[in-house]
Amino acid sequence: MMNDRYQNMFSHLAQNIEGAFIPFVMLGDPTIKESETIIDTLIANGADALELGIPFSDPVADGPVIQRADYRALVAGVTPELCLDLIMRLRAKYPDIPIGLLVYANLIVYRGLKEFYEHAARVGVDSVLIADVPLSESASFIAAANNAAIAPVLIVPPNADDDLLRDVARLSQGYVYCLGRAGVTGADRMMEMTQTTKLTTLRELNAAPTVIGFGISTPEHVRMALNAGARGAIAGSAIVALIERHHKNPDALHTALASFTRQMKAATRLSTI
Amino acid sequence: MNASSYSIQSTQGNFGVFGGMYVPEILVPTLRATARAFEEAQTDPAFQQELKQLLSEYAGRKTPLYRCRNLATHTKAIIYLKREDLLHGGAHKTNQVIGQALLAKRMGKTRLIAETGAGQHGVATALVGALFKMKTRIYMGSKDMVRQALNVFRMRLMGAEVVAVDNGSRSLKDAVNEALRDWSENYSTTHYLLGTAAGPHPFPTMVREFQRVIGEEAKAQILEREGRLPDAVIACVGGGSNAIGMFTDFIPEKNVRLIGVEAAGHGLHTKKHGATLQKGKPGILHGSYSYVLQDEHGQIDESDSISAGLDYPGVGPEHAYLMTSGRAEYVGITDDEALAAFQTLSREEGIIPALESAHAIAYALKLAEASKIPQLLLVNLSGRGDKDVEHVIPQIVL
């Protein structure tokens, strides 16, 4: 059955009074090989789930840090096929960790919806979030996802109205991605705590567990997200910035990633606050 | 498109299967509010009156329809030019920026952002920014800023801030990306004054409606002058706003050929061109499902053209529909052919066309040479060429 991995993770974390720490990295940044060791380090140091990007030439929802990650991977010759091959290897090593994809629509449309989702399911992807397909345009993508037993993940932005919350609660599976603030991805501007009432509404509507992303770059942000009622927090640009800074020096890179991941994970342990 | 049991079908802003609103969720409320405001304005006599008055008194409508005195007179064809180059600002772009700026005011927005390639849309946005006293920021690829330095100065002279975009291909597509990123943060105060009949709904429809005055005027003018409709209407296509503005009123006239001229750059057999409809595949770029130049993995390709305004790997979704439904034809003109037409029109008629419009002129000349029977050809001369002079000096020996 689909979503088992997310359900298992969230219920296991709830038993321990913990939230989920979910790092985002771009697959193939800076190369496929190095990307694999980076993800190994994230998991070894406490990542509860993975949010993984497939590099795209025109990432309109992303700030400069993630744009440069797309660019590094594309220059290294990374293709969607190579990314899915990498996920297959990760799945073999880590049978239980939830793996979500974050992609742009054209990569799915080009491949064909059925083919893309079936391929993703075959290599062990649990969920797919499309940055540039809003709920109002999502019907055929959700149908293709459901047919391949992939959980479609939908976004709740700060300007979401009640209609959108109701539809997201009905359609988003695995988890719900709540934006911590307006704008594009980036660690330069902090998340804003405007989402508390929306998180409450989503819970009342029996939505999938909520996770906050955008502007999460410190352990304090993780605590704020969980205190606001989220079940987890996603950090992307802060991690990708470490990869950008240190990727020519693998020792420094893995030390920095390990330390950052441990601190962020520690902040999810609400029982210790 | 790949055969698939899940074909995508948008529920809003459709042209056949093309169009839609493929944007981050955060932009949907703003786009819907814009669509509502536009629909209301279309039936509001006060709005229409103000628009009409500004188009006339400020921008200089209606523009002349000129029957060429020398161009192609040795052939069986007669070439008419719709003189959008004489519009204030130097191109057809001014028509729709006045419409959108009035709409932005109506929605209570205080700031305008826009992308520009050739700089003509940036100049047009800068002039309405000055006119309506709105803070204006223009995103422009750094490659385009070099080849259109004169327009950068004009924008700044009128008080707009011009921001260089240094990522990707450093041209129009990347400027659109940057404007969308700005908008997703500042949507509550800012209107994104998109410059062409592409992008998410409602832009393709809104820009067409603000540009259709070109074809409406030209149709009436040629009927008055010739007593009949033209045999073919010809316009260049980058994103497609001047072409859709010229075509729209002729679409129901089944005997009038509609011909869109794309940038064939170094040649359609090379990778260096901007012929999205002829060489692209269906895909999603900048908010709509349309034709897109893309590689074998779905990554967006870089386009190439001597004319910055046609240097774009996407195209408006209505053109994709007009092509696939067979109503319009799309052809290519190379850099060299456009440059030759740029000189021919200058010498024959004393009119220096924009390099974009020179593509349409070049194709009209080809049709004229091939005409075996008398033909009336109507060309949209969408902009004037002053902005291109500096750029072409090294390529023309006088």
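Residues numbered from 1 in each chain as written. Chains lettered and ligands numbered in written order. Predicted model: local features only at pLDDT ≥ 70, side-chain atom pairs only at ≥ 80, totals over all residues. Heavy atoms only, no water.

A word on unusual backbone geometry. For the bond running from A:Asp29 to A:Pro30, omega is 0°, close enough to zero to count as cis. With respect to the helices, strands and loops of the structure, A:Pro30 is situated in the loop between strand E1 (20-26) and helix H2 (32-44). A positive phi angle, close to 50°, is found at B:His286, a residue other than glycine. Take B:His286: it is sitting in the loop between strand E11 (281-285) and strand E12 (288-292). Judged by relative accessible area, which is 6%, B:His286 ranks as buried. (Helix = DSSP H or I, 4+ residues; strand = E, 2+ residues; numbered from the N terminus. Buried < 20%, exposed > 50% of the residue type's maximum accessible area, 1.4 Å probe, protein only.)

What follows deals with the sheet that holds strand E9 (residues 232-235) of chain A. Residue and element names in this part refer to chain A. Spatially, E5-E4-E3-E2-E1-E9-E8-E7-E6 is the arrangement adopted by the 9 strands of the open sheet, whose pairing is parallel. Every interior strand has two partners, whereas the edge strands, strand E5 (151-153) and strand E6 (155-156), have only one. Direction of pairing for E1 relative to strand E2 (residues 50-53): parallel, over a ladder of 3 bridges. Looking across to E2, one finds that Val25 is bridged to Leu52. Strands in contact with helix H4 (residues 80-93) are E2 and strand E3 (99-103); relative to E3, the strand with the most contacts, it is inclined by about 165°. (Pairing = 2+ DSSP bridges. Contact = heavy atoms within 4.5 Å. Axes fitted to C-alpha atoms, helices over the stretch in contact; angles between N-to-C directions.)

A few words now on the interface of chain B and chain A. Across the contact, 43 residues belong to chain B and 44 residues belong to chain A. Interface of chain B and chain A: buried area, both sides summed, is about 3500 Å²; carbon and sulfur atoms make up 53% of it. On the chain B side of the contact with chain A, B:Tyr6, B:Glu25 and B:Arg181 bury the most area, a combined 22% of that side's loss. Counting the contacts that link chain B with chain A gives 1 salt bridge. On inspection of chain B and its partner chain A, the count reaches 19 residue pairs in polar contact (both at pLDDT 80 or more). Residue assignment for the side of chain B that touches chain A shows that the elements contributing at least two residues are helix H1 (28-42), helix H7 (172-186) and E11 of chain B. Per-element tally for the side of chain B that touches chain A: the top contributor is H7(B), with 8 residues. Its residues assigned to classes, the side of chain B that touches chain A comprises 16 nonpolar, 17 polar and 10 charged. (Buried area = accessible area lost by both parts, 1.4 Å probe. Salt bridge = Lys/Arg side-chain N within 4 Å of Asp/Glu carboxyl O. Polar contact = N/O pair within 3.5 Å; in protein donor to acceptor, adjacent residues only side chain to side chain. Nonpolar A, V, L, I, M, F, W, Y, C, P; charged D, E, K, R; others polar.)

Moving on, we get to the sheet that holds strand E7 (residues 161-165) of chain B. Residue and element names in this part refer to chain B. Spatially, 4 strands are ordered E7-E6-E5-E8 in an open sheet, and the strand pairing comes out parallel. One side of each edge strand has no neighbouring strand; the edge strands of this open sheet are E7 and strand E8 (190-192). Strand-to-strand twist across the sheet, computed as the mean angle between neighbouring axes with direction ignored, equals 20°. Where strand E5 (residues 111-116) lies against E8, 3 bridges are found, and the strand directions are parallel. Following the sheet pairing, Arg111 is matched in E8 by Thr190.

Next up on the list: the confidence of the model for chain B. As a note on interpretation, predicted positions should not be read in detail where pLDDT is low. With 99% of its residues at a pLDDT of at least 70, chain B reaches an overall mean of 95. Scored as a complex, the prediction yields pTM 0.96 and ipTM 0.96. (pLDDT = per-residue confidence, 0-100.)

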